[in-house]
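Report on the structure
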Protein chains: 2
Amino acid sequence: MRTLKYAILGLLKRKPRTGYDIAKEFKAELGNFWRARHSQIYPELKRLLEEGLIEYEIEIAGETMEKKVYNLKPAGEKDLIDWLNTDEEMVPTAKDKFRLRMYFASNIKRERLIELLNSQLKQRQDKLAMLEAKMDEQDRDPEFGSKEFGDFLVLESAILREQAYVEWLERSIRRCYIAK
Amino acid sequence: MRTLKYAILGLLKRKPRTGYDIAKEFKAELGNFWRARHSQIYPELKRLLEEGLIEYEIEIAGETMEKKVYNLKPAGEKDLIDWLNTDEEMVPTAKDKFRLRMYFASNIKRERLIELLNSQLKQRQDKLAMLEAKMDEQDRDPEFGSKEFGDFLVLESAILREQAYVEWLERSIRRCYIAK
DNA sequence: AAGTTCATGTAATTGGTTACATGATTTC
DNA sequence: GAAATCATGTAACCAATTACATGAACTT
């Protein structure tokens, strides 16, 4: 599938970056839907280099520190565009350990279950608040074809996802109280 | 992490099953949040057996066909209950290839992007309709501590998730039309 | 001077998919 | 008789995490 490959190509299409920069992106908005650690990124960059999809230039930071600034080669750009234009089937399962646990909720004591749900609720609410704060800084009417357009789509997606999660947790807590 | 381990223990807590039965569960409602193929299930069962968490009895189906019907041993049940009661941090990323692609939407032509969004929308709407049909068959007021309680929680969760996805896709399609 | 962030890599292990392999049972 | 489903396993490979390893640059 090589999804990480395309995530990296896409980021490099936006602008040249180091492996470190790529890792940082996965900790930002993009990290809501894809993530990789540096231990996966550096080998993938090496492979993309060997495949002739990307190239790099050395930049010196400070006195001696060498940074490898990667950017797309034409073959890499073509590969990316082809992938972006493919109409794939929806992925059947986004795994979720907490919801798996809730499937077996009947084995948890009522008070404890409410605690667990509240703990998740708190975390999800915080996440949602953070995303909404980001949305406030965002261009609300991004131009088609601008990178802000993609930023907007994924941010809105993340917000809607978290809202649904919060709604579910709230309903579940209520249900814990009212259930026989 | 061994999440599959607990998914299996949880299923066996509900009732004794074969590996084949477990695989079937991952194709049903539970499959919305966790999934494993038989090639992962059988080795895991073997391991749980070695660890003394489960045991099995041979059942004969038809003339000669042997089924291994697994069930929980006390140690397995204890292990499961401990896991169910742990308050874990929320998982930071549920990977989504399509949303990753949309992050790079600026590299897709408008008409094609609308096609891709509509394709996903169709699939998600179908999925949602299927889930809602299941909800109609479901006990709307499950008793606390019954297995129906867990069934209800995850089904509602799946529905809310799909609704949010559909809402996002619809908004995104509209935005494609109105964006400069 | 100490702590954090920048910066790049490799090794070992775990988790998960795809493919290989076989055969009985049920349904049409 | 053919096709679908039931039933159990292994092997090879790919994806991802955790841990190991190092050192420069910046901030306090």
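Coordinates for the structure precede this section.
Quick caveat, the model's predicted, so the values are computed rather than measured.

1. Topic: a nonpolar patch on the surface
Residues and elements named next belong to chain A. A cluster of nonpolar side chains, namely Tyr-56, Ile-58 and Ile-60, defines an oily patch on the protein surface of about 270 Å² accessible area. Mapped onto the fold, Ile-58 is located in strand β1 (residues 54-61). Overall, the relative accessible area of 43% leaves Ile-58 in the partly exposed class.

2. Focus: the interface of chain B and chain A
Chain B puts 78 residues into the contact, and the matching count from chain A is 78 residues. With both sides pooled, the region where chain B packs onto chain A buries about 8,100 Å², and carbon together with sulfur makes up 60% of that total. On the chain B side of the contact with chain A, Lys-97, Tyr-103 and Phe-144 of chain B bury the most area, a combined 11% of that side's loss. Taken together, chain B and chain A are joined by 6 salt bridges. On the surface where chain B and chain A come into contact, there are 40 residue pairs in polar contact (both at pLDDT 80 or more). When contributions to the side of chain B that touches chain A are tallied by element, the ones reaching two or more residues are α1 (3-14), α4 (74-84), α5 (97-103), α6 (110-137) and α7 (147-178) of chain B.

3. Describing the relation of the copies chain B and chain A
When chain B is fitted to chain A, the residual RMSD is 0.1 Å, and the transformation amounts to a turn of 180° plus an axial shift of 0.0 Å. What we have between these two chains is a two-fold relation. When the interface residues of chain B are mapped onto chain A, 100% of them are again interface residues, pointing to one common binding face.

4. So, α1 of chain B
For α1 of chain B, which comprises 12 residues, the first-to-last C-alpha distance of 17 Å matches the rise-based estimate of 16 Å (1.5 Å per residue) to within 8%. Of all 12 residues making up α1 of chain B, 10 are buried, and the element is well covered by its neighbours. Residues of α1 of chain B that are buried make contact with α5 (97-103) of chain A together with α2 (19-25), α3 (38-50), β1 (54-61), β2 (65-72) and α4 of chain B.

5. Details of the protein's contact with DNA strand D
Around DNA strand D lies a shell of 24 residues, among which Ser-39 and Glu-63 of chain A together with Tyr-20, Lys-67 and Lys-68 of chain B are the nearest. Counting only the atoms of DNA strand D within 4 Å of the protein, the fraction contributed by sugar and phosphate is 65%. Contact distances for DNA strand D include 2.7 Å between a base oxygen and a side-chain N or O atom of Ser-39 of chain A. Measuring from a phosphate oxygen of DNA strand D, one finds a side-chain N or O atom of Tyr-42 of chain B at 3.0 Å. Taken together, the elements giving at least two residues each to the surface near DNA strand D come down to α3 (38-50) of chain A together with α2, α3 and β2 of chain B. A class-by-class count of the residues in the surface near DNA strand D yields 8 nonpolar, 8 polar and 8 charged.

About the cut-offs
Residues numbered from 1 in each chain as written. Chains lettered and ligands numbered in written order. Predicted model: local features only at pLDDT ≥ 70, side-chain atom pairs only at ≥ 80, totals over all residues. Heavy atoms only, no water. Patch = residues over 30% accessible without salt bridge, like charges linked within 9 Å, V, L, I, M, F, W, Y side chains within 5 Å. Areas by Shrake-Rupley, 256 points an atom, 1.4 Å probe, with all protein chains shown as cover. Salt bridge = Lys/Arg side-chain N within 4 Å of Asp/Glu carboxyl O. Helix = DSSP H or I, 4+ residues; strand = E, 2+ residues; numbered from the N terminus. Buried < 20%, exposed > 50% of the residue type's maximum accessible area, 1.4 Å probe, protein only. Contact = heavy atoms within 4.5 Å. Buried area = accessible area lost by both parts, 1.4 Å probe. Polar contact = N/O pair within 3.5 Å; in protein donor to acceptor, adjacent residues only side chain to side chain. Least-squares fit on C-alpha atoms with pLDDT ≥ 70 in both. Expected span 1.5 Å × (residues − 1). Near = heavy atom within 4 Å. Nonpolar A, V, L, I, M, F, W, Y, C, P; charged D, E, K, R; others polar.

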